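Commentary on secondary and tertiary structure
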There are 2 protein chains.
Amino acid sequence: MKWNELHTEACPVARGLSVIGDRWTLMVVRECFLGIRRFDDMQARLGITRHVLADRLRNLEADGVVYREAYQARPLRHEYRLTPKGRALYPVLVTLIDWANAHVPGDKDPSISLLNRRTQNPLVPKLIDAETGEDITHRSVTVLKSGQ
Amino acid sequence: MKWNELHTEACPVARGLSVIGDRWTLMVVRECFLGIRRFDDMQARLGITRHVLADRLRNLEADGVVYREAYQARPLRHEYRLTPKGRALYPVLVTLIDWANAHVPGDKDPSISLLNRRTQNPLVPKLIDAETGEDITHRSVTVLKSGQ
DNA sequence: TGGGTAAGTTCTGTTTCGGAACCTGTCAAT
DNA sequence: ATTGACAGGTTCCGAAACAGAACTTACCCA
């Protein structure tokens, strides 16, 4: 199967990964969350090649995750910002960060972690079912194939 | 920057993606969560090439996400199962599924969604800070760079 | 002797990537 | 008028990764 056939799959994991399941894309989204909006800043911070960054930003814009907005007219320059769809990726990023901090130790400090902004205590992300308040675990969930 | 230099980065997003930030890896993990344990089953279901699947399973085993366990002796055959580190990826998968179902519509039914096993109602995943019970959003979180 | 099963490995041609250089439009200083 | 800086790309090349198909190994069964 080729990658560009994936976005129509029934499985939401496949559809999600058709947008962000790439070696660099989620790192670009991270930069957006950190307030980095310009091409050269992203390129310098990520160490990605300019060619690949241009391609990823093009795809993210086409997928509606970021949009381009002019910040000066001459010469015309755009910056990249997250759309609501892009901001909705925040829980994915947070759970990934939590997993990596727990299970993929880097061999050099400094490390980066998340704090509750109000209390300044370390964030302890927990996934619950908003309907019932129950923890979501592998065992508390079942899969539904709907449609025909 | 090359991909194999990424796992030592300070940023947990980079370290996490060095393990699962690949076009196929999280799909393989999904199969494991669905109880698919054997090479040929995964290959047939995913439509991935055998070469790439063998490589991804090798990497996932090396990274401690899955382990191989013999299920018959002659000829020796192994199946792949999630380690605790692998099972800890469940929240990442659930938030990704939730995002994709909300924002990446497939153009063909059937679609797949998650249910609370006990109530059989649709799952509404919500990420909260276990310390305070507050919702986790982009605005309620701040970033800490620790170490030196 | 031949076929079936399971888990890979090997081969070949295509696509993508990394790294560096180059291009475009504009302004400001020399 | 020319030079340099800035910002956001594009182009080029060789290297790496990928898709698809065939092949290999080891065993069992008929």
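Before going into details, it helps to say that this report is about the structure given with it. (Residues numbered from 1 in each chain as written. Chains lettered and ligands numbered in written order. Predicted model: local features only at pLDDT ≥ 70, side-chain atom pairs only at ≥ 80, totals over all residues.)

1. Points about the overall build of chain A
A count of helical and extended segments in chain A gives six helices and five strands. When the helices and strands of chain A are listed from N to C terminus, the series reads α-α-α-α-β-β-α-α-β-β-β. Counting only C-alpha atoms and orienting by the principal axes, one finds that chain A spans roughly 55 × 45 × 30 Å. Out of the 148 residues belonging to chain A, those deemed buried represent 36%. Counting contacts in chain A only where the partners sit at least 6 residues apart, residues at least 24 apart contribute 32% of the total. (Helix = DSSP H or I, 4+ residues; strand = E, 2+ residues; numbered from the N terminus. Buried ≥ 20, exposed ≤ 12 C-beta atoms within 10 Å, placed from the backbone. Contact = placed C-beta atoms within 7 Å.)

2. Looking at the protein's contact with DNA strand C
DNA strand C sits among 20 residues. The nearest are Arg74 and Pro75 of chain A together with Arg38, Arg50 and His51 of chain B. It is helix H4 (residues 50-62) of chain A that contributes the most residues to the surface near DNA strand C, four residues altogether. Counted by class, the surface near DNA strand C contains seven nonpolar, four polar and nine charged residues. (Near = placed C-beta within 6 Å. Nonpolar A, V, L, I, M, F, W, Y, C, P; charged D, E, K, R; others polar.)

3. Brief notes about the relation of the copies chain A and chain B
Between the two copies, chain A and chain B, the superposition gives an RMSD of 0.0 Å; the rotation angle is 180° and the shift along the axis is 0.0 Å. In symmetry terms, the pair is related by a two-fold rotation axis. The position closest to the rotation axis in chain A is occupied by the C-alpha of leucine 127 of chain A, lying 2.3 Å away. Both copies present the same face, since 100% of the interface residues in chain A are matched by interface residues at the equivalent positions in chain B. (Least-squares fit on C-alpha atoms with pLDDT ≥ 70 in both.)

4. Structural notes on the protein's contact with DNA strand D
With respect to spatial proximity, 20 residues lie near DNA strand D, and among them Arg38, Phe39, Arg50 and His51 of chain A together with Arg74 of chain B are the closest. Of all the secondary-structure elements, those providing two or more residues to the surface near DNA strand D are helix H3 (39-46), H4 and strand S2 (77-82) of chain A together with helix H4 (50-62) of chain B. In terms of residue class, the surface near DNA strand D is made up of seven nonpolar, four polar and nine charged.

5. Concerning the interface of chain A and chain B
At the junction of the two partners, chain A supplies 76 residues and chain B supplies 76 residues. Elements represented by at least two residues in the side of chain A that touches chain B include exactly helix H1 (12-20), helix H2 (25-33), helix H5 (84-87), helix H6 (90-103), strand S3 (112-116), strand S4 (125-129) and strand S5 (141-145) of chain A. Ranked by residue count, the leading element in the side of chain A that touches chain B is H6 of chain A, at 13 residues. Its residues assigned to classes, the side of chain A that touches chain B shows 40 nonpolar, 21 polar and 15 charged.

6. What to know about the packing of H6 of chain A against helix H1 (residues 12-20) of chain B
Running from amino to carboxyl end, H6 of chain A crosses H1 of chain B at an angle of 80°, the nearest separation of the two axes being 8 Å. It follows from the interaxial angle that H6 of chain A and H1 of chain B lie roughly perpendicular. In this structure, H6 of chain A contributes Leu93, Leu96, Ile97, Trp99, Ala100 and Asn101 of chain A to the contact, and H1 of chain B contributes Pro12, Val13, Arg15 and Gly16 of chain B. Across the contact of H6 of chain A with H1 of chain B, the residue classes break down as seven nonpolar, two polar and one charged. (Axes fitted to C-alpha atoms, helices over the stretch in contact; angles between N-to-C directions. Parallel < 35°, antiparallel > 145°, perpendicular 65-115°, else oblique.)

7. A few points about the nonpolar core
Ranked by internal contacts, the top residues of the largest apolar core, which has 72 residues, are Val13 and Leu93 of chain A together with Val13 and Leu93 of chain B. With sequence-adjacent residues up to four places away left out, leucine 93 of chain B is seen in contact with Val13 of chain A together with Val29, Arg30 and Phe33 of chain B. (Core = buried A, V, L, I, M, F, W, Y, C linked by C-beta atoms within 7 Å.)

8. A few points about unusual backbone geometry
Residue and element names in this part refer to chain A. Between arginine 74 and proline 75 the backbone carries a cis peptide bond, its omega angle lying at -5°. Mapped onto the elements, proline 75 comes out in the loop between strand S1 (66-72) and S2. At glutamine 120, a residue that is not glycine, the phi angle is positive and equals roughly 65°. Here glutamine 120 lies in the loop between S3 and S4. Judged by the 9 C-beta atoms lying within 10 Å of it, glutamine 120 falls in the exposed class.

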